[in-house]
Amino acid sequence: MPQTATGRRFLSLYRHLFRHFGPQRWWPARSRFEVIVGAILTQNTAWANVERAIAAMRGARLLNPRGIDAAPQEQLAQLIRSSGYYNMKAKRLKQFTQFLLTRYGGSVQRMCRTELQRLRPELLGISGIGEETADSILLYAGGRPIFVVDAYTRRVLERHGLSAEKTPYGEIQSLFTTHLPANPTLFNEYHALLVAVGKTYCRKTPHCGSCPLRYDLPKGSPLLP
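The following refers to the structure shown.

The rules behind each value
- Residues numbered from 1 in each chain as written.
- Predicted model: local features only at pLDDT ≥ 70, side-chain atom pairs only at ≥ 80, totals over all residues.
- Heavy atoms only, no water.
- Helix = DSSP H or I, 4+ residues; strand = E, 2+ residues; numbered from the N terminus.
- Buried < 20%, exposed > 50% of the residue type's maximum accessible area, 1.4 Å probe, protein only.
- Areas by Shrake-Rupley, 256 points an atom, 1.4 Å probe, with all protein chains shown as cover.
- Phe/Tyr/Trp six-rings, centres within 6.5 Å; stacked < 30°, edge-to-face > 60°.

**Examining the overall build of the chain**
For the chain, the helix and strand inventory stands at twelve helices and zero strands. Traced from its N-terminal end to its C-terminal end, the chain shows the element sequence α-α-α-α-α-α-α-α-α-α-α-α. Seen through its C-alpha atoms, the chain measures out along the principal axes to roughly 60 × 35 × 30 Å. Out of the 225 residues in the chain, the part that is buried amounts to 48%. Element-wise, carbon and sulfur atoms account for 50% of the exposed surface of the chain, whose accessible area totals about 11100 Å².

**Side note on the packing of aromatic side chains**
In this structure the tally under the stated criterion is 15 aromatic pairs. Note on Tyr14 and Tyr190: the rings are 5.2 Å apart at their centroids and 50° apart in plane angle, and the pair reads as tilted. Highlighted residues: Tyr14 in helix α1 (residues 5-21) and Tyr190 in helix α12 (residues 184-200), separated in sequence by 176 residues. Just as Tyr14 is buried, Tyr190 falls in that class too. Consider the rings of Phe176 and Tyr190, whose centres lie 5.5 Å apart with planes at 85°: the pair is edge-to-face. With Phe176 in helix α11 (residues 169-179) and Tyr190 in helix α12, the pair connects residues that are 14 residues apart, well separated along the chain. Summarising the burial analysis for this pair, Phe176 and Tyr190 share the class buried. An aromatic cluster is present here, built from Phe10, Tyr14, Phe18, Phe147, Phe176, Phe187 and Tyr190 joined pairwise through their rings.

So, in structure tokens, the structure goes:
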């Protein structure tokens, strides 16, 4: 694809992040179904809490579609208690697995072979699955070239003058998908690196002085020392 000035800037940011943090190797999971479970459980909580919940599900032999579908919701909720909002998340897990079993015979592989333009609306039609969760499933479980936009992505882009506050999700996503090659490996690593820089430097109270992206802050930015 022809490279735009914005594309070159995005690639420069990526290279600086990769040199600083190294490969992130997301999504940490043993199967594509486990990726999906993690994407649902990680809503509004830290990943360490999700890991405990997934370990508990694995120990109870419920880390599979039919196991989740057959388990009483109350039992499932107690297993994932560490992830927070556990009653709501247990309901969402069961709603997703019912969708997977009904529409795709319980096969994540079959689901992921569905064309993107059809599958994304299907996922968004499941109660409790919004754009960020759906795109995490598509990118990390399905290997689709779609960019995940989260709070860290928004914060970095806003502070670097690449997007405005309250820019719609789709517009931010389009910045990446329009100006970068449609490469799921690139999108996977890039999103993970933005999370890393967001957690380490681009916090609510920023630490710009030692941030690997400090060079890209607009001139006159109040964040510069």
